[in-house]
Amino acid sequence: MSESGQRRYSLGAIVLHWVLALALAFQLSLGMGLDDLGRSGFAQFQLHKSIGIAILVLSLLRLIWRLAHKRPDALEGGFNGFLAKAVHAGLYLFMIGAPLTGWLLVSTETVKVPTLLFGTVPWPHLPAPHSVNGFAHLSHAVLGWLGMALILLHVAGAVRHQWLLRDNLMARMAPARGLWLLLALLLPVGWALGVMEIKKAGPPQTEAETPVAAVAEPIAPAAPAPAPAGEPSNAAVAAPETHAAPPAWTVKPGGTLAFSVTNGADKVRGRFGKWSGDIVFDPDRPEGARIAIQVDLGSASVGDPTQDAMLASADFLDAATHPRATYRSTSIRMVAPNRYAAKGMLSLRGKSRPQDVVFTLSGTGLSRHVEGSAVINRAGFEIGTGEAAAALAPTVQLTFSFDATGRRADSVEK
Ligand code: HEM
Ligand code: HEM
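So, how was this worked out
Every residue gets a number counted from 1 within its own chain, in the order that chain's sequence is written. Think of it this way: whatever chain is written first is A, whatever ligand is written first is 1, and the rest follow in order. It should be noted that, the model being predicted, local features are given only for residues of pLDDT at least 70 and side-chain atom pairs only at 80 or more, the latter also being counted only at that level, while totals for whole chains, interfaces and linings use all residues. Side-chain numbers here rest on the full set of heavy atoms in the structure, without hydrogens or water. Numbering goes from the N terminus for both helices and strands, where a helix is a DSSP run of H or I of at least four residues and a strand is a run of E of at least two. Think of it in three bands: residues with accessible area under 20% of the maximum for their type are buried, residues over 50% are exposed, and the middle band is partly exposed, with areas taken using a 1.4 Å probe on protein chains only. When checking whether two residues touch, look at their non-hydrogen atoms; a contact exists if any pair is within 4.5 Å. For the accessible areas, the method is Shrake-Rupley and the probe is 1.4 Å, while residue cover comes only from the protein chains on display. Note on donors: an N, O or S atom is included if it sits within 2.8 Å of the metal, or within 3.2 Å for Na, K and Ca, and water is never included, so sites can look incomplete. In these descriptions, tetrahedral denotes four donors with every angle between 85 and 135 degrees, square planar four donors and octahedral six donors with opposite donors over 155 degrees apart and the rest between 65 and 115, and irregular any other case. We define proximity as follows: a residue is near a molecule or strand when any one of its heavy atoms falls within 4 Å of that partner. Here a polar contact is taken to be a pair of N or O atoms separated by no more than 3.5 Å, where protein atoms must pair a possible hydrogen donor with a possible acceptor and residues adjacent in sequence count only if both atoms sit in side chains. In this count, Pro and Cys sit with the nonpolar residues alongside Ala, Val, Leu, Ile, Met, Phe, Trp and Tyr, while Asp, Glu, Lys and Arg are called charged and the others, Gly among them, polar.

**Student:** It is not clear to me how the overall build of the protein chain should be interpreted in this structure. Could you clarify?
**Tutor:** If you tally the helices and strands in the protein chain, you get eight helices and 13 strands. Counting all 414 residues of the protein chain, 44% fall into the buried class. Counted over contacts in the protein chain with a minimum sequence separation of 6, partners at least 24 positions apart contribute 68%. Summed over its atoms, the accessible surface of the protein chain is roughly 21,300 Å², and 65% of this surface lies on carbon and sulfur atoms.

Structural data, given as structure tokens:
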């Protein structure tokens, strides 16, 4: 059969055209919704990556197929014919460029979230530096918008042929007459499936719920620190008889608990949005002090939902199994005026290890500002043992800063 006599595209081209139309419509609506998702969107991010890589493979296959198989002759020449060809070329650029820039974007994040295609096939990261991450983000978004504009032009072209010129162009992209209308519906179906997938992730996180924007939200206090034998269990009155009881302190909202860790040539910085403290402490007699801090591990955030989901995952903080970390001081001493060194136990991911913390106080009386730090050894808690943490330094720097108001034991209600 001569090329001009061919009435429709080869079956392989037709199948790939419509499978890709469905997948791309789904991918575009899912991608647009990703931005609003918080940590709850981890599964949707993984799905977006899986479908995206599948699109890359199918698009390359389609390009090879196109070069290897005859196509029906163009129906139009001139400007309209040129426009149709340009849009087709642009669509190929979009179909291949969008997944490549998406892949580049996830490969150059500071915390690299591993990609497991459809939950089973491990997919590598591209060996590219973090400096190209901004470019990858921008070009991924621009290609998304370009793709949508081209699809609209493409559909407008198809409508023009079908209903204005009445040359039955659509039959060229359908395996049988009449089927084209059904196939064209795959575009809105794909889009609707993407919207449904985003809805599955639950309501988008509001600004106030986004951990990075939140500040030292109190969480329900954990069980009180076990009192040493012989002491009354009410911390507020637990003081040596010879002195007035040390004051109990309330952490005021607005404090920060931040972490940073070196990752290759970068530094990953983040915060815990939810944490609280039970503090009984006399700045002049720190020996009798007891400090217990509870940290909601699921509130850890580096400011990016995908990376946050990974931080909370079993590879790192394992927030699902052990939602909280607790620190309990065992002894505190003054090392310089207003400067203290605490020894204690840190419980994290089901493991308890000795942990030193240093802090300084400013202010006077029962209104103080606290600043401090600690260096945490990741290995002791088995944080980050997988491939994603290969470039992470062994220690994590923790810093905190908050205001606290004290109450003397005699003014504390029982
Ligand atoms: C994401 C959506 C879509 C993409 C990426 C896409 C892409 C393409 C590409 C690249 C071609 C050129 C074929 C080739 O030479 O390889 C093509 C042809 C065609 N497409 Fe689409 N398409 C999409 C959706 C649609 C829809 C919704 C319709 C119908 C309403 C449609 C109708 C057609 C027709 C009729 C042709 C043949 C054009 C001709 O023979 O000149 N496409 N499409
Ligand atoms: C044809 C394939 C793809 C299409 C059409 C597509 C489309 C989109 C769109 C429209 C967005 C929203 C962009 C914005 O407005 O910020 C997006 C976001 C995203 N895409 Fe894709 N994508 C594709 C493939 C991929 C692949 C293969 C990956 C990774 C392996 C990926 C990773 C991401 C990520 C991580 C985001 C969120 C970016 C952010 O933080 O805003 N995408 N995608």
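After that view of the structure, there is still more to cover.
**Student:** Any chance you could explain the coordination of the iron atom of ligand 1 here in plain terms?
**Tutor:** Coordination angles at a metal have ideal targets, namely 109.5 degrees for four tetrahedral donors and 90 or 180 degrees for six octahedral donors. Looking at the metal site, the iron atom of ligand 1 is ligated by His17 (NE2) and His154 (NE2), spaced 2.0 Å from it. With six donor atoms in place around the iron atom of ligand 1 and angles of 87 to 179° between them, the coordination shape is octahedral. Remark: His154 occurs in helix H4 (residues 133–165) and His17 occurs in helix H1 (residues 11–34); sequence separation between them is 137 residues. For His17, a relative accessible area of 12% gives the class buried.

**Student:** What is the right way to look at the site of ligand 2 in this model?
**Tutor:** Near ligand 2 you find 23 residues, and of these Gly31, Asp35, His48, His137 and His140 are the closest. Within the contact set of ligand 2, a nitrogen atom lies 2.8 Å away from a side-chain nitrogen or oxygen of His48. His140 is positioned with one of its side-chain polar atoms (N or O) 2.7 Å from a nitrogen atom of ligand 2. Every element with two or more residues in the shell around ligand 2 is listed here: H1, helix H2 (42–68), helix H3 (78–107) and H4. The greatest single-element share of the shell around ligand 2, amounting to seven residues, is contributed by H3. Considered class by class, the residues forming the shell around ligand 2 number 14 nonpolar, seven polar and two charged.

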